[in-house]
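Summary of structural features
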Number of protein chains: 2
Amino acid sequence: VARWKSVAILGVGLIGGSIGLALRKRGLSDEIVGIGHRQVTLDSALAVQAVSTATTDLAAGVADAEIVIVCTPVLQIVPLVQQIASCCRPDTLITDAGSTKAGLADRLGRILAPSTRYVGSHPLAGSDKSGVGFADADLFQDRVVVVAGSSRNSRTDVEAVTEFWQALGARCVEMTPDDHDRAVAITSHLPHVVASLLAGLTPVEHRSLVAGGWLDTTRIAAADEELWAQILLENRDHLLPLIESYREQLEELTKALQRGDRTALTAQLRIGKQRRNAVAS
Amino acid sequence: VARWKSVAILGVGLIGGSIGLALRKRGLSDEIVGIGHRQVTLDSALAVQAVSTATTDLAAGVADAEIVIVCTPVLQIVPLVQQIASCCRPDTLITDAGSTKAGLADRLGRILAPSTRYVGSHPLAGSDKSGVGFADADLFQDRVVVVAGSSRNSRTDVEAVTEFWQALGARCVEMTPDDHDRAVAITSHLPHVVASLLAGLTPVEHRSLVAGGWLDTTRIAAADEELWAQILLENRDHLLPLIESYREQLEELTKALQRGDRTALTAQLRIGKQRRNAVAS
């Protein structure tokens, strides 16, 4: 297992805080620097010992870091990586934990010097909870992290980022940024849309009749709406055609219901069942 | 807690089997008769001791029963209740565990003699699993059971059915059949549609990128498609307008994505979040 002298975490919420706790629990880094713009958040991270030092000064925070992980909302990642690259050591490895990858890779590819060691990644370990208060040293244990290297990345750098997440207990999958975004559009972003709209249509007065089905199906609707609006917009090119396919399926089901066609309805539900079983297995 | 000399259960799958196990665990009935048309299912129910005797002969099975619970797919409930009523003792209480209530109440109201003691009920304790192998003596513990008395029912009979489910550990809620069906259309039936279509659209190749969100959102899609096609069709009058509202919400979200309107998208997701938190609290 690898070991780092200094790791800097930019944004110490659920993900950033969990990275800090995992590093500490596993004894992987001598120094864990938390960087944020709100002192109160940094104080919370210090209180739960997710970081060993904390600062609101980005340049000071990354100065000694061998690796910097940007764990902020998606919209802030590009300007922050650019800023980090301008003040960190030339050999500092930079990655992020954003839920979309292609837009970041495109924009950063145009901005960054070829020598800047930035490789995007995405830990599939979110929660409907947010904040360092829910951070968990085992959040990444046996979870998948996508390492989304692009054509500008060297093998060495892709492997170094892979090694970082593996050290936290994760299983790494390598994908191109575009393949990643296409896949998560259906495995994560469409589920979010579907769950949120369902929750939004449910009247509070029917609360007593809610059981496991509704609770499971809507759970992710409780997640932070600002973060998710950014994610969905960032991946809209892949998401919009999927929403269209979904709408077509809904129309097919509506027609089967309208004409009382139990055979067609059963067949459509059977596809859902078979696919659920195949994908979850 | 009430006690019965003989209880007959028609259909010993997950629900019927769990009723039998709960009666036995709590020592509520001297005799628990399982009735079904397949001997192999009855043998399984006997093997796990969900019933104390079993028969494929409906008339013989209900002859001594003080209470009969029909736990079959929705489409079979009306003819079976009619048949039971024609051969049981005049004071036998009959109920069912069907997921829809208004259609059954209407049809049975026209068929049954006024003296027949039938009161519909619906335990909100399903699962994506089926069969007596998944039956559980505690399935109804602290779960809601709707007792859907109609105008033809006496208070005595509604209370007797309520007492039965309470004896199994359930919390009973009294509703009219129509109010029940309107409520479960949004708390159970639309979630099923939404989950099934989402699962059906997910390619197996993206399996490695599936995490908690997708797994939770699609869980109920794994349920028996024949049972659910019957349920959705039976409640289509309440379900179809909800699907239309859902489609409108999907269109609103699509337009916000298309025009890159983060404020509108955030506002829509916020409604889902607030409603999720309010309904689940």
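Scroll up a little and you will see the structure.
We now turn to the structure provided with this report. (Residues numbered from 1 in each chain as written. Chains lettered and ligands numbered in written order. Predicted model: local features only at pLDDT ≥ 70, side-chain atom pairs only at ≥ 80, totals over all residues. Heavy atoms only, no water.)

Topic: the packing of helix α11 (residues 262–280) of chain A against helix α7 (residues 177–200) of chain B
To be explicit about the condition: Fitted lines through C-alpha atoms give the axes, limited to the stretch in contact for helices. The angle between two N-to-C directions lies from 0 to 180 degrees. By definition, any uninterrupted DSSP run of H or I lasting at least four residues is a helix, any uninterrupted run of E lasting at least two residues is a strand, and each is numbered from the N terminus. Take the far helix as your reference; a near helix turned counterclockwise from it by less than a right angle gives a left-handed crossing, and one turned clockwise gives a right-handed crossing. Any two residues whose heavy atoms approach within 4.5 Å are treated as being in contact. Classes in brief: Ala, Val, Leu, Ile, Met, Phe, Trp, Tyr, Cys and Pro nonpolar; Asp, Glu, Lys and Arg charged; the others, Gly included, polar.
Put simply, α11 of chain A and α7 of chain B touch, their axes get as near as 7 Å, and they point 60° apart. In this structure, the crossing between α11 of chain A and α7 of chain B has a hand that is left-handed. Listed contacts from α7 of chain B to Gln 268, Leu 269, Ile 271, Gly 272, Arg 275 and Arg 276 of chain A of α11 of chain A are His 192, Ser 196, Leu 197, Ala 199 and Gly 200 of chain B. Residues belonging to the contact of α11 of chain A with α7 of chain B are distributed by class as follows: four nonpolar, five polar and two charged.

Points about the pairing of strand β2 (residues 29–35) of chain A
The side chains of a regular strand alternate, residue by residue, between the two faces of the sheet. Residue and element names in this part refer to chain A. Worth spelling out the cut-off: In this scheme, a residue with accessible area under 20% of its type's maximum is buried, one over 50% is exposed, and one in between is partly exposed, where area comes from a 1.4 Å probe on protein chains only. Between any two strands, pairing holds if DSSP finds at least two bridges. With its strands directed away from the observer, a crossover is right-handed exactly when the path from the first strand over the helix to the second travels clockwise.
Across the seven residues that make up β2, a large majority, five, are buried. Taken together, the six bridges between strand β1 (residues 4–10) and β2 define a ladder with parallel strand orientation. When the sheet's bridge partners are listed, Ala 8 is paired in β2 with Val 33. Examined bridge by bridge, β2 and strand β3 (residues 53–55) share three bridges and lie parallel to one another. Residue Val 33 lies in a different strand from β3, and its bridge partner there is Thr 53. Following the chain from β2 across helix α2 (residues 39–47) to the adjacent parallel β3, one finds a crossover that is right-handed.

Some remarks on the packing of aromatic side chains
Note on aromatic pairs: each is described by the distance of the centres and the angle between the planes. All names here are of chain A. Rules: A pair of aromatic rings is counted whenever rings of Phe, Tyr or Trp (Trp by its six-membered ring) have centres within 6.5 Å, and the orientation is called stacked for planes under 30 degrees apart, edge-to-face for over 60 and tilted otherwise.
Across all of its chains, the model carries six aromatic pairs over all chains by this definition. Centre to centre, the rings of Phe 140 and Trp 165 are 5.5 Å apart; their planes meet at 65°, and the pair counts as edge-to-face. Remark: Trp 165 occurs in helix α6 (residues 155–167) and Phe 140 occurs in the loop between β7 (120–123) and β8 (144–148); sequence separation between them is 25 residues. Each member of the pair, Phe 140 together with Trp 165, is buried. Measuring from centroid to centroid gives 5.4 Å for Phe 164 and Trp 165, while their planes differ by 75°, and the two rings are edge-to-face. For the pair shown, Phe 164 and Trp 165 are each scored as buried.

Looking at the relation of the copies chain B and chain A
Just so we agree on the cut-off: For the least-squares superposition of copies, only C-alpha atoms count, and only for residues with pLDDT at least 70 in both.
Each copy of the sequence occupies a distinct position, and chain B is placed on chain A by a rotation of 180° and an axial shift of 0.0 Å, giving an RMSD of 0.0 Å. Accordingly, the operation relating the two chain copies is best matched by a two-fold axis. Residues of chain B ranked by C-alpha distance from the rotation axis are headed by Thr 217 of chain B, positioned 1.9 Å from it. The fraction of interface residues of chain B whose copies in chain A are also interface residues reaches 100%, indicating that both copies meet through the same surface.

As for the side chain of Thr 95 of chain A
Applied cut-off: The term polar contact refers here to a pair of N or O atoms within 3.5 Å; inside protein, the definition further demands a hydrogen-donor-capable atom paired with an acceptor-capable atom, and it admits residues adjacent in sequence only when both atoms are side-chain atoms.
Looking at the secondary structure, you find Thr 95 of chain A in strand β5 (residues 93–96). Here Ser 121 of chain A takes part through its side chain, which lies 2.6 Å from a polar atom of the side chain of Thr 95 of chain A.

Focus on the sheet that holds strand β7 (residues 120–123) of chain B
Residues and elements named next belong to chain B. The strand order across the open sheet formed by three strands is β7-β8-β9, and the pairing between neighbours is mixed. The sheet is open, and its two edges are formed by β7 and β9 (171–174), each paired on a single side. When the angles between neighbouring strand axes are averaged without regard to direction, this sheet yields 25°. Across four bridges, the pairing between strand β8 (residues 144–148) and β9 is parallel. Counted as the bridge partner of Val 147 is Glu 174 from β9.

Examining the pattern of salt bridges
Definition in use: A side-chain nitrogen of Lys or Arg and a carboxyl oxygen of Asp or Glu constitute a salt bridge if their distance falls within 4 Å.
Enumeration according to the criterion identifies 36 salt bridges over all chains in this entry. A salt bridge links Arg 270 of chain B to Glu 226 of chain A, with the nearest nitrogen and oxygen atoms 3.8 Å apart. Here Glu 226 of chain A lies in helix α9 (residues 225–234) and Arg 270 of chain B lies in helix α11 (residues 262–280), a pairing that spans two chains. Here Glu 225 of chain B ties to Arg 270 of chain A by a salt bridge, and the two come within 2.9 Å at their closest N and O atoms. Here Glu 225 of chain B is found in helix α9 (residues 225–234), whereas its partner Arg 270 of chain A is found in helix α11 on a different chain.

The quantities given are spatial measurements derived from coordinates; they are silent on function.
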